[in-house]
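One-letter residues, chain by chain:
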Amino acid sequence: MLTLRKASDRGIANHGWLKSYHTFSFANYRNLNEQGFSDLLVINDDRVAAGKGFGQHPHRDMEIFSYVLEGALEHKDTLGTGSVIRPGDVQLMSAGTGVAHSEFNHSHNELVHFLQIWIVPEVSGATPRYQQQHFSEEQKRGRLALIISPDGKHGSLKVRQDARVYAGLFDGKETASLELAENRYAYVHVARGSVELNGLMLQTGDGVRVRKERLLTLANGVDAEVLVFDLRPEELPQMP
């Protein structure tokens with residue numbers, strides 16, 4: 001069963017320096033029907049103006065990863081990590097017992113466009129940690145590359161949850177399939193372009209909840225970049 005979440009139905013926050021689209025409830029956007037899916041809690045599609053960004057702020061017991069689509073994102077945190085994240089880079093911060101970080105557009109001339117995604121960890125009070133890895137266009141072209149997993153398989157980043165994240169690029173005749181284990185859920189997010197998921201046409205910003213499906217097939221893409229989340233079947237309780 002595929003349940004479409006259209007890009008136009010997402011929450012929107014426009015602060016001038018920041019324009020953000022919220023797939024699920026976040027900050028001032030509250031939708032009782034959109035409060036995460038399984039352990040996937042947040043997908044924010046953020047565009048930050050040149051030289052602007054998020055000042056230092058804390059997180060706790062959350063797996064937070066950033067996926068840059070355009071520009072460069074500068075990251076600093078209280079773990080002593082400092083880095084600049086560009087397209088192809090995936091950053092994963094496990095907040096654990098607590099960490100504070102800041103995120104700024106590294107450029108003073110161009111915007112940065114990135115996805116910030118939160119996954120609820122299976123353990124609380126763990127030691128905070130930071131990971132970053134580059135996944136080339138060749139690794140993602142016409143296939144689903146594993147970028148996040150519980151065990152770091154194939155060079156993926158290790159997340160503290162029974163969740164796997166795949167990234168793929170699709171154009172023209174390129175196609176790829178992902179077989180899901182029995183009783184697994186999945187979520188598909190189109191970061192840009194258009195693509196078909198099991199025959200359902202999706203556009204930039206669209207998302208799909210997947211239940212009771214064993215095979216996902218992506219095809220007929222037009223400059224498409226896609227994230228696929230392989231998730232536990234349990235639903236999260238609603239946010240307060």
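Owing to the predicted nature of the structure, the values given are computational and were not obtained by experimental measurement.

Conventions and cut-offs
Residues numbered from 1 in each chain as written. Predicted model: local features only at pLDDT ≥ 70, side-chain atom pairs only at ≥ 80, totals over all residues. Heavy atoms only, no water. Helix = DSSP H or I, 4+ residues; strand = E, 2+ residues; numbered from the N terminus. Rg over C-alpha atoms; globule rule 2.2 N^0.38 Å. Buried < 20%, exposed > 50% of the residue type's maximum accessible area, 1.4 Å probe, protein only. Contact = heavy atoms within 4.5 Å. Areas by Shrake-Rupley, 256 points an atom, 1.4 Å probe, with all protein chains shown as cover. Lys, Arg positive; Asp, Glu negative; His and termini not counted. Charge placed at Lys NZ, Arg CZ, Asp CG, Glu CD. Phe/Tyr/Trp six-rings, centres within 6.5 Å; stacked < 30°, edge-to-face > 60°. UniProt positions renumbered as here; feature names shortened; annotations may be inferred. pLDDT = per-residue confidence, 0-100. Pairing = 2+ DSSP bridges. Core = buried A, V, L, I, M, F, W, Y, C linked by side-chain atoms within 4.5 Å. Axes fitted to C-alpha atoms, helices over the stretch in contact; angles between N-to-C directions.

With that settled, consider the overall build of the protein. Across its full length, the protein carries one helix and 20 strands. Its C-alpha radius of gyration of 17 Å places the protein within 12% of the 18 Å reference for a compact globule of 240 residues. Across its three principal directions, the C-alpha atoms of the protein cover 45 × 40 × 35 Å. Across the 240 residues that make up the protein, the buried fraction comes to 54%. Summarising the internal contacts of the protein: among those between residues at least 6 apart in sequence, 71% fall at separations of at least 24. Of the roughly 10700 Å² that the protein leaves accessible, carbon and sulfur atoms contribute 48%. Here the protein holds 26 positive side-chain charges and 30 negative ones, and the gap between their average locations is 2 Å.

Right, let's get into the packing of aromatic side chains. The full count for this structure, using the stated rule, is six aromatic pairs. Ring centres 5.3 Å apart and planes at 75 degrees place the aromatic pair Trp17 and Phe54 in the edge-to-face group. Of this pair, Trp17 sits in the loop between strand 2 (11–14) and strand 3 (18–22) while Phe54 sits in strand 5 (residues 53–59), and the two are 37 residues apart along the sequence. Overall, the relative accessible area of 29% leaves Trp17 in the partly exposed class.

Our next topic: the UniProt feature "domain: Pirin N-terminal" (unreviewed entry) in the protein. Within the UniProt annotation, "domain: Pirin N-terminal" (unreviewed entry) is assigned to residues 10–119. Each end of residues 10–119 is marked by a C-alpha atom, and these two atoms are 19 Å apart; helix forms 0% of the span and strand 57%.

As a general rule, the predicted coordinates of low-pLDDT regions are not to be interpreted in detail. Chain-level pLDDT for the protein is 93 on average; 97% of the residues reach the 70-or-more range. A low-confidence stretch, residues 236–240 (pLDDT under 50), is modelled with 12 contacts involving residues beyond four sequence positions or located in other chains.

Take the pairing of strand 2 next. Only one face of strand 2 is covered, namely the face carrying Gly11 and Ala13; the face carrying Ile12 and Asn14 is uncovered. Summarising the sheet, strand 2 and strand 3 pair through four bridges and their orientation is antiparallel. Paired with Asn14 across the strands is Lys19, a residue of strand 3. Hairpin connection, strand 2 to strand 3: the antiparallel pair is bridged by three residues, and Gly16 has positive phi, about 85 degrees.

Time to look at the nonpolar core. Counting residues in hydrophobic clusters, the biggest one holds 26 residues, and the most contacted among them are Leu40, Phe65, Tyr67, Ile147 and Phe229. Secondary structure elements with two or more residues in this core: strand 4 (40–48), strand 6 (63–70), strand 9 (89–94), strand 11 (112–119), strand 13 (145–149), strand 15 (164–170), strand 17 (185–197) and strand 20 (215–231). Core analysis: the second largest hydrophobic core is formed by 20 residues, Leu178, Leu180, Val190 and Leu218 among them.

Per the UniProt record, "binding site: Fe cation" (unreviewed entry) is found at His57, His59, His101 and Glu103. Annotated residues spanning 47 residues; largest pairwise C-alpha distance 13.1 Å, indicating a single compact cluster. Residue contacts for His59: discarding those within four places in its chain leaves Ile64, Met93, Ala95, Gly98, Val99, His101 and Trp118. The topology assignment puts His101 in strand 10 (residues 99–105). The class for His101 is buried, based on a relative accessible area of 1%. Each residue touching His101, except ones within four places of it in the same chain, is listed here: Gly55, Gln56, His57, His59, His75, Lys76, Asp77, Met93 and Gln116.

Turning next to the sheet that holds strand 11. One open sheet holds the seven strands; their spatial order is 2-3-4-11-6-9-12, and the pairing between them is antiparallel. Strand pairing shows two members of the sheet lacking a second neighbour, strand 2 and strand 12 (129–134), which therefore form its edges. Between one strand axis and the next, the sheet turns by 15 degrees as a mean value, whatever way the strands run.

Leaving glycine aside, a negative phi is the common case for residues, and trans is the common case for peptide bonds. A positive phi is found at Ala27, a non-glycine position, where the angle reads about 50 degrees. Topologically, Ala27 is positioned in the loop between strand 3 and strand 4. Despite not being glycine, Asp61 shows a phi value in the positive range, around 45 degrees. Note that Asp61 resides in the loop between strand 5 and strand 6. The exposure class of Asp61 is partly exposed, given its relative accessible area of 21%.

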